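# Remarks on the overall topology
Take a look at the letters that make up each chain.
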Amino acid sequence: SVVDMWEEIFTLVEEPRTKTVSVDDFGLKIDFAWGGLHATQQGFIERENVKLLDVSSMYPNLILIINGLQEKSSFYNKMLDYRFHLRDLGYMAEQEPYKLALNSVYGQTRYIYSKIYCPKLTMSICIIGQTVLYQLVKRLHEIGAEIIQANTDGVTYKYDRKDKLDLYIKEQWEKEFNLHLDLEYYDKWVQKDVNNYVAIRDNGKVITKGGDTNLYHSQAFYSNNNHRIVDIALTDMLLYNTPIEHTIIKNLDDPAKFAMTLNKGGTFDYVGDDNGNKYLNVNRAFACKGTGNFQLFKYRNDGSRTIFPNLPRNIFIYNGELGELHDFRDRVDLQYYYDLAHHKLESWRNG
């Protein structure tokens, strides 16, 4: 049971034995885990007029509530207050380093080589976090709210009644647990599972979460950016019902969105093809029209090799300036990108 998992704190040496306990409650599958509480309805969800209650800086506040840093709590509290001061002034970039430093303290309590390593403190914070979030889910459910998901420090729900009982629940919860809930409104929320969703804020901003859509807004720096066009097409279909093919065709003037990054990695010696030609350690590939079967491989010096995973059967390599890739429309295999986006769409809708 969940209580049995929590009671391991009394006999803990380093890591707890039980990692997760799952229960079915409120029409949700709820996971109590040492990474926090996670709960969601099962299957594809599409809702309009959704609310999100998010605990403001939950773990840093819980550390202070239980005086987890003892004589250092005062300094930690000042740092937290200053971070919120910057945020309230609209200095979002300036407050980020403080947010990172504050949140990393919790992580350091579970890191065995840290000077503040204290697994019992880690577990205490997590147990309280799970408890207070569960209480929020329970109270919203009891007034008839549809709980869409809960994830570590926030609850997403739908409540259309005009009595505003959900806001009363919010206020009472804040007073009881001495924590603050930020309230956000969403015009639309589309969810595959607790870690994969897309949404439109009431101000029109698009929010994406998960590996299928995380490249929607921009390329990621210092990591692979594989066929970003698929993330864009999938998200626009889910949120705006824009046909996948329309999005693909509309973006043909931007080849970067169709590129796949092929990175040799540190365990191989070079990149080459079947004809003995060597390539760069990092290459830009595109799905190509035609009946050929051109592939790149990662080679070791002894001649052994492995193929780059998840590539189409036929690719072309272009590592030059993309503005000079004048025959892109003639060479690119649009069907490959359409099929990949459609396959992901079906996995969202049908599991």
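Everything below is about the structure shown above.
Residues numbered from 1 in each chain as written. Predicted model: local features only at pLDDT ≥ 70, side-chain atom pairs only at ≥ 80, totals over all residues. Heavy atoms only, no water.

Taken together, the side chains of Y111, I112 and Y113 make up a nonpolar region of the molecular surface, amounting to roughly 370 Å² of accessible area. Following the sequence through the fold, Y113 ends up in the loop between α4 (92-109) and α5 (119-142). For Y113, a relative accessible area of 69% corresponds to the exposed category. (Patch = residues over 30% accessible without salt bridge, like charges linked within 9 Å, V, L, I, M, F, W, Y side chains within 5 Å. Areas by Shrake-Rupley, 256 points an atom, 1.4 Å probe, with all protein chains shown as cover. Salt bridge = Lys/Arg side-chain N within 4 Å of Asp/Glu carboxyl O. Helix = DSSP H or I, 4+ residues; strand = E, 2+ residues; numbered from the N terminus. Buried < 20%, exposed > 50% of the residue type's maximum accessible area, 1.4 Å probe, protein only.)

Summed over all chains, the structure comprises 17 aromatic pairs. For the pair F26 and Y134, a centre-to-centre distance of 5.5 Å together with 40° between the ring planes defines the contact as tilted. On the criterion of sequence distance, the pair formed by F26 in the loop between β1 (20-25) and β2 (28-33) and Y134 in helix α5 is long-range, its members being 108 residues apart. For the residue pair F26 and Y134, the accessibility class agrees, reading buried in each case. Ring centres of F286 and F316 lie 5.1 Å apart, and the angle between their planes is 20°; this geometry places the pair in the stacked category. In this pair, F286 is assigned in strand β13 (residues 282-287) and F316 in strand β16 (residues 315-317), connecting sequence segments 30 residues apart. As far as burial versus exposure is concerned, F286 and F316 are alike and both buried. These aromatic residues form a ring-pair network of at least three members: F258, F286, F316, F328, Y336 and Y337. The residue whose ring lies beneath K278 is Y270, and the NZ or CZ to ring-centre distance is 4.3 Å. Looking at R331, its charged tip hangs above the ring of F316, at a distance of 3.9 Å from the centre. (Phe/Tyr/Trp six-rings, centres within 6.5 Å; stacked < 30°, edge-to-face > 60°. Lys NZ or Arg CZ within 6 Å of the ring centre and 35° of its normal.)

Pairing between sheet strands relies on hydrogen bonds along the backbone, with the strands arranged either parallel or antiparallel. The strand order across the open sheet built from 3 strands is β10-β13-β16, with neighbouring strands paired in antiparallel fashion. Looking at strand neighbours, the two that pair on one side only are β10 (260-263) and β16, the edges of this open sheet. Across the sheet, the mean angle from the axis of one strand to that of its neighbour is 40°, orientation sign disregarded. (Pairing = 2+ DSSP bridges. Axes fitted to C-alpha atoms, helices over the stretch in contact; angles between N-to-C directions.)

Attention now goes to the nonpolar core. I30, F32, L37, L136, L140, V155 and W173 are the most contacted members of the largest nonpolar core, which has 51 residues in total. For this core, the element with the highest residue contribution is α5, accounting for 11 residues. Ignoring sequence-local partners within four residues, the contact set of L136 consists of L53, V155, I169, W173 and L181. (Core = buried A, V, L, I, M, F, W, Y, C linked by side-chain atoms within 4.5 Å. Contact = heavy atoms within 4.5 Å.)

Another point: the sheet that holds strand β14 (residues 297-299). Taken together, the 4 strands give an open sheet; going across it, the order is β12-β11-β14-β15, and neighbouring strands pair in antiparallel fashion. Both outer strands of the open sheet, β12 (278-279) and β15 (305-307), are each paired with one neighbouring strand and no more. In this structure, β14 lies alongside β15, joined through 3 bridges in antiparallel fashion. Looking at the pairing, K298 lines up with T306 of β15.

What follows concerns unusual backbone geometry. A positive phi angle, close to 50°, is found at Q70, a residue other than glycine. Relative to the helices and strands, Q70 is located in the loop between α2 (58-65) and α3 (73-88). In this structure, K164 is a non-glycine residue whose phi angle is positive, near 60°. Its location among the elements puts K164 in the loop between β6 (154-158) and α6 (165-177). Assessed through its relative accessible area of 55%, K164 is described here as exposed.

Next up on the list: helix α10 (residues 334-350). Spacing of three or four residues puts side chains on the same side of an α-helix, whose turn is 3.6 residues. Taking 1.5 Å per residue as the helical rise, α10 with its 17 residues ought to reach 24 Å, and the 24 Å between its terminal C-alpha atoms agrees with that figure. Of the positions making up α10, those classed as buried are Y336, Y337, L340, A341, K344, L345, S347 and W348. At its buried positions, α10 is contacted by β7 (181-193), β8 (196-201), α7 (228-240), α8 (244-250), β10 and β13. At the N-terminal boundary of α10, the capping side chain belongs to D333, with an oxygen 3.2 Å from the backbone nitrogen of Q335. Immediately beyond the C-terminal end of α10, within one or two residues, lies G351, with a positive phi of roughly 80°. (Expected span 1.5 Å × (residues − 1). Polar contact = N/O pair within 3.5 Å; in protein donor to acceptor, adjacent residues only side chain to side chain.)

For the pair α2 and α4, the least separation of the axes is 8 Å and the interaxial angle reads 65°. Classified by chirality, the crossing of α4 by α2 is left-handed. Residues Y59, P60 and I63 of α2 form the contact with α4, whose own contacting residues are L102, N103, V105 and Y106. Looking at side-chain class alone, the contact of α2 with α4 contains 6 nonpolar, 1 polar and no charged residues. (Left-handed = near helix turned anticlockwise from the far one by under 90°. Nonpolar A, V, L, I, M, F, W, Y, C, P; charged D, E, K, R; others polar.)

This next bit is on the environment of V230. Position of V230 relative to the elements: it lies in helix α7. Judged by relative accessible area, which is 1%, V230 ranks as buried. For the pair V230 and T213, spaced 17 residues apart in the sequence, the C-alpha separation amounts to 8.1 Å. Once you skip the residues sitting within four places of it in the chain, V230 turns out to touch Y337, L340, A341 and K344.

What follows covers the pairing of β6. Counting buried residues in β6 gives 5 out of 5 residues, a clear majority hidden from the surface. The alternating pattern of β6 places G154, T156 and K158 and V155 and Y157 on opposite faces, both of which are buried. Examined bridge by bridge, strand β4 (residues 45-55) and β6 share 4 bridges and lie antiparallel to one another. Considered in β6, the bridge of K51 is made with Y157. In textbook terms, the turn of a hairpin is the stretch between consecutive antiparallel strands, and for strand β5 (residues 146-151) and β6 this stretch comprises 2 residues, one of which, T152, has a positive phi near 65°.

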